[in-house]
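Structure assessment
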Amino acid sequence: MANSPPESSRRRVDELTAEIRRHNALYYQNDLPEIGDAEYDALLRELQGLEADHPELLAADSPSRSVGAPLEGTGFATAAHRTPMLSLDNAMDADELRAFDQRIAKLLGRSEAFEYVAEPKLDGSGVELIYREGKFSQGLTRGDGRMGEDVTVNLSRVPSIPKQLRGAGARPPGFASIRGEVVLPLAAFQALNSQRRERELEPFANPRNAAAGALRQIHDIDLPRLRSLEFCAYALAEGKPEAHASQWQSLETLGQWGFLVSPESRVCQGLEEVFLFYRELLERRSELDVEIDGTVVKVNDLALQQALGTLSRAPRWAIAYKFPPEQATTRVEAIHVQVGRTGALTPVAKLEPVRVGGVQVSNATLHNQDEINRKDIRVGDTVVVQRAGDVIPQIVRILLAARAEAKAPLEPYALPVDCPVCGGKTIRLDGESVTRCPNLDCPAQLKTNLRHLAGRGALDIDGLGEKIVEQLVESGLVERLSDLFTLEAETLEALERMGAKSARNLVASLEKARDTTLPRFLIALGIPHVGATIAEVLATEFGGLEPLIAANAPEIEEIEGVGPAIAESVARFFADPSNVAEVERLRELGLRWRDPDPAPRQAGPGGALVGQSLVLTGTLSAPRSAFKARIEAAGGKVVGSLSKKTDFLVAGDNPGGKLQKALNLGVKVLDEGALEALL
Ligand code: IVH
């Protein structure tokens, strides 16, 4: 053949196709992307470029023509979108946006400026909501653009999705298709991730993945997460009132029907106003409570939209004008170590300052030694940093090529053997990712421990703020927690800026705090992993402090909701005689509580699941070991792999392949709620 494309192009198209498909699956099915949007766009563009140069290489099922990922084995019923849910082409810079404007001018044969609607491009999960006779009847994910997953139950828990369209004078349409984005506001995202860290679950990479994951959980297991989602409407695909002639009117109607619509959206006369909008939005990006990654620019006039039409993947009348990626490259100048309340050593990379998504960044958390090893981060490395919803920036990866050019070889990094604050030996327990300074009297810990002990959820001591704690520790008046309860007003008065009245007040607060409860006391001790929930469970299960002090890790782990790491941490704490002595001293100094009534211990065999075998999959609301203990207490058995003989599959959040396998084998699937009911 004379003009057949070179073999290298053919090979590259195959590679790109496979690579893009893999990233689609990671993004849309697993909610765990490996690369950022900018890198993904670069792959897609390279593929589109090659296909444009060699149309013979354009396959009917090329990822450049389709949206999302195939819907196999997701565990949800699927349904067709009446009109496809399209994607958007991207403009990565001003020139590409100008090219878009010129392209449509040419297609329509017009020279005057267009009226556009500019909207924030929300970084969440696109969904379609169907309303029949004004009533919410079905909600679908975008899926592959033609078919979506039916997530009606989950969507019906999202507070900003009206059950009924509000009238606003007009009669509701018989059928309406509303499209918009489900997002997780940043505050909720941060709270969710800190809960996940507390429960030793992998935190979500960004709010978009957390939102998508929430929507695709089996039924509504994690109700609080669904309740914290927001739906923001941006298109009325079907059901427009007769008089509608513009996108702007659609947004107004959606607002009147009771939907949230982005208050930032604007009508722009011509491209210059769009540029202005874009710059202003970019400035304000970090103030918004949801993540946005650009501006969507839409031709306002619906008749013009119609005339321009759509291609298989995206409409011709709209484009996403993307913000610069929230990623940047810089250099690691040093790694510093902070010692936290529980003695955890947290390595922090000091970076050569760089702007990321409009914010100056000079630190990035490295979490722990495992994370450093996994990414092989060394002082002197050139790294990619990103801000992804979390306030604290992260290092995505290192650039190995840059390391090769370094003058001297870079040394792998190891956390210090000695605590940088007190000089004591640090430890790392089996199965834990954290390196700790075990010395409770380490000044770094003592200050944070005192603040923690004084906190609302613990002993709730009024008047023990950061400044006073600092003074108490630095003056040597307090060398361990219990010293706090030996303080007298006269001694306190001698401290700088402490008046007689404040001193008396603090002593009175300390007196009041002596009357407490066992859970609060447990929290106050600052045992790693013991927050409010765990403290409550330990107190009721053991019924008093002595049995808890006497328990070993396996005994503690028997309790529902207590995983191995927590059990180990509690047992270790009380195995240390100095901690027990400290507890004793606190009691001698007047701390008191009434023991709760002990809960009846778990029933022996003979429960609801006798002889049944169960497989657990996906993320459950408590550690698996807790479910295992309860299932076993009810006479059941938890096994690792599925077979025809398995009685039940318990599917949590993001269940993965086991769910499909269970369906194929005819094994009954339970969500967490159904399991609870059985137990
Ligand atoms: S309009 C045919 N408007 O971005 C029009 N989409 O990258 C397509 N998105 O699939 C949708 N904010 O999930 C539109 N204001 C907005 C948007 C928006 C976010 C999402 C949407 C879409 C994706 C394309």
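Relevant structure appears above.
Structure report, in brief. Just so we're clear, the structure is a prediction, and the values are computed from it rather than from any experiment.

Here the focus is the overall build of the chain. When helices and strands are tallied, the chain shows 25 helices and 22 strands. Its C-alpha atoms give the chain principal-axis dimensions of about 90 × 65 × 60 Å. When the 679 residues of the chain are sorted by exposure, 48% land in the buried category. When contacts within the chain are restricted to residue pairs at least 6 apart in sequence, long-range pairs at least 24 apart make up 68% of them. Accessible surface, the chain as shown: approximately 32,000 Å² in total, 51% of it carbon and sulfur. Both charge centroids of the chain, one from 78 positive and one from 96 negative side chains, sit 3 Å from each other.

With their axes 10 Å apart at the nearest point, helix α13 (residues 443-454) and helix α14 (residues 466-474) run at an angle of 135° to one another. Considering their axes alone, α13 and α14 lie oblique with respect to each other. Crossing of α13 against α14: the hand is right-handed. In contact with Leu446, Lys447, Leu450 and Arg451 of α13, α14 contributes Glu466, Val469, Glu470, Val473 and Glu474. Class assignment of the residues belonging to the contact of α13 with α14 gives a composition of four nonpolar, no polar and five charged.

Moving on, we get to the pairing of strand β4 (residues 125-132). Along β4, seven of the eight residues are buried, which leaves the element largely enclosed by surrounding structure. Inspection of the sheet shows β4 paired to strand β7 (residues 175-183) by eight bridges, in the antiparallel sense. Opposite arginine 132, over in β7, you have phenylalanine 175 as the bridge partner. Both β4 and strand β5 (residues 135-141) contribute to a ladder of six bridges, which runs antiparallel. Each bridged residue has a counterpart across the sheet, and for leucine 129 the counterpart in β5 is glycine 139. Counting the residues that bridge the hairpin from β4 to β5 gives two residues, and of these glutamate 133 lies at a positive phi of roughly 45°.

Contacts to the ligand come from 14 residues, most closely from Glu119, Arg142, Glu181, Tyr234 and Lys298. Side-chain polar atom of lysine 298 to a nitrogen atom of the ligand: 2.9 Å apart, as the coordinates give it. Coverage of the ligand by the protein amounts to 88% of the 520 Å² it exposes when considered alone. Among the elements of the structure, β3 (115-122) and β10 (292-299) are those that each provide at least two residues to the shell around the ligand.

Next up on the list: unusual backbone geometry. The backbone of histidine 367 sits at a positive phi, close to 65°, despite the residue not being glycine. Examined against the element boundaries, histidine 367 turns out to sit in the loop between β14 (359-365) and α11 (369-375). Despite not being glycine, arginine 497 shows a phi value in the positive range, around 60°. When you line up the elements, arginine 497 lands in the loop between α15 (489-493) and α16 (500-513).

Ordered in space as β5-β4-β7-β8, the four strands form an open sheet in which the pairing is antiparallel. Single-partner strands in this sheet number two, and they are β5 and β8 (230-238). Across the sheet, the mean angle separating the axes of adjacent strands is 30° when strand polarity is ignored. The pairing of β7 with β8 spans seven bridges and is classified as antiparallel. Opposite valine 182, over in β8, you have phenylalanine 231 as the bridge partner. Contacts from helix α8 (residues 247-256) reach β7 and β8 within the one sheet, and its direction differs from that of β8 by about 130°.

As a further point, take helix α23 (residues 624-633). Among all positions in α23, only Ala626, Phe627, Ala629, Arg630, Ile631 and Ala633 are buried. Structurally, α23 contributes buried residues whose contacts are with β19 (613-617), β20 (637-638) and α25 (672-678).

Turning next to the side chain of aspartate 101. By secondary structure assignment, the location of aspartate 101 is in helix α3 (residues 94-108). No salt bridge is formed by the buried aspartate 101. Its closest oppositely charged neighbour is arginine 98, at 7.9 Å. Here tyrosine 116 takes part through its side chain, which lies 2.4 Å from a polar atom of the side chain of aspartate 101. When residues no more than four places from it in sequence are discounted, the contact partners of aspartate 101 are Phe114, Tyr116 and Leu271.

Further remarks concern the sheet that holds β20. Read from one edge to the other, the open sheet built from four strands follows the order β20-β19-β21-β22, with strand pairing classed as parallel. Edge strands, defined here as strands with exactly one partner in the open sheet, are β20 and β22 (668-670). Relative to strand β21 (residues 648-651), β19 runs parallel, the two being bridged by four bridges. Among the inter-strand pairings, leucine 614 is bridged to a residue of β21, identified as phenylalanine 648. Strands β19 and β20 of the sheet are contacted by α23, whose axis makes an angle of about 165° with β19.

Time to look at the environment of glutamate 474. Locating glutamate 474 in the fold gives a position in helix α14. A relative accessible area of 59% means that glutamate 474 is categorised as exposed. Through-space distance from the C-alpha of glutamate 474 to that of valine 639 is 55 Å; in sequence the pair is 165 residues apart. Here the side chain of glutamate 474 touches lysine 447 through a polar contact of 2.6 Å, side chain to side chain.

The next point concerns the nonpolar core. With 55 residues, the main nonpolar core has Ile461, Leu484, Leu538, Ile556 and Phe574 as its most contacted residues. Per element, the largest residue contribution to this core is six residues, and it comes from helix α21 (residues 564-575). Every residue in contact with isoleucine 461, bar those within four places of it in the chain, is listed here: Leu453, Ala454, Leu484, Phe485, Leu506, Ser509, Leu510 and Ala513. Ala91, Val299, Ile319 and Tyr321 belong to the second-largest nonpolar core, a separate cluster that totals 30 residues.

Rules used throughout
- Residues numbered from 1 in each chain as written.
- Predicted model: local features only at pLDDT ≥ 70, side-chain atom pairs only at ≥ 80, totals over all residues.
- Heavy atoms only, no water.
- Helix = DSSP H or I, 4+ residues; strand = E, 2+ residues; numbered from the N terminus.
- Buried < 20%, exposed > 50% of the residue type's maximum accessible area, 1.4 Å probe, protein only.
- Contact = heavy atoms within 4.5 Å.
- Areas by Shrake-Rupley, 256 points an atom, 1.4 Å probe, with all protein chains shown as cover.
- Lys, Arg positive; Asp, Glu negative; His and termini not counted.
- Charge placed at Lys NZ, Arg CZ, Asp CG, Glu CD.
- Axes fitted to C-alpha atoms, helices over the stretch in contact; angles between N-to-C directions.
- Parallel < 35°, antiparallel > 145°, perpendicular 65-115°, else oblique.
- Left-handed = near helix turned anticlockwise from the far one by under 90°.
- Nonpolar A, V, L, I, M, F, W, Y, C, P; charged D, E, K, R; others polar.
- Pairing = 2+ DSSP bridges.
- Near = heavy atom within 4 Å.
- Polar contact = N/O pair within 3.5 Å; in protein donor to acceptor, adjacent residues only side chain to side chain.
- Salt bridge = Lys/Arg side-chain N within 4 Å of Asp/Glu carboxyl O.
- Core = buried A, V, L, I, M, F, W, Y, C linked by side-chain atoms within 4.5 Å.

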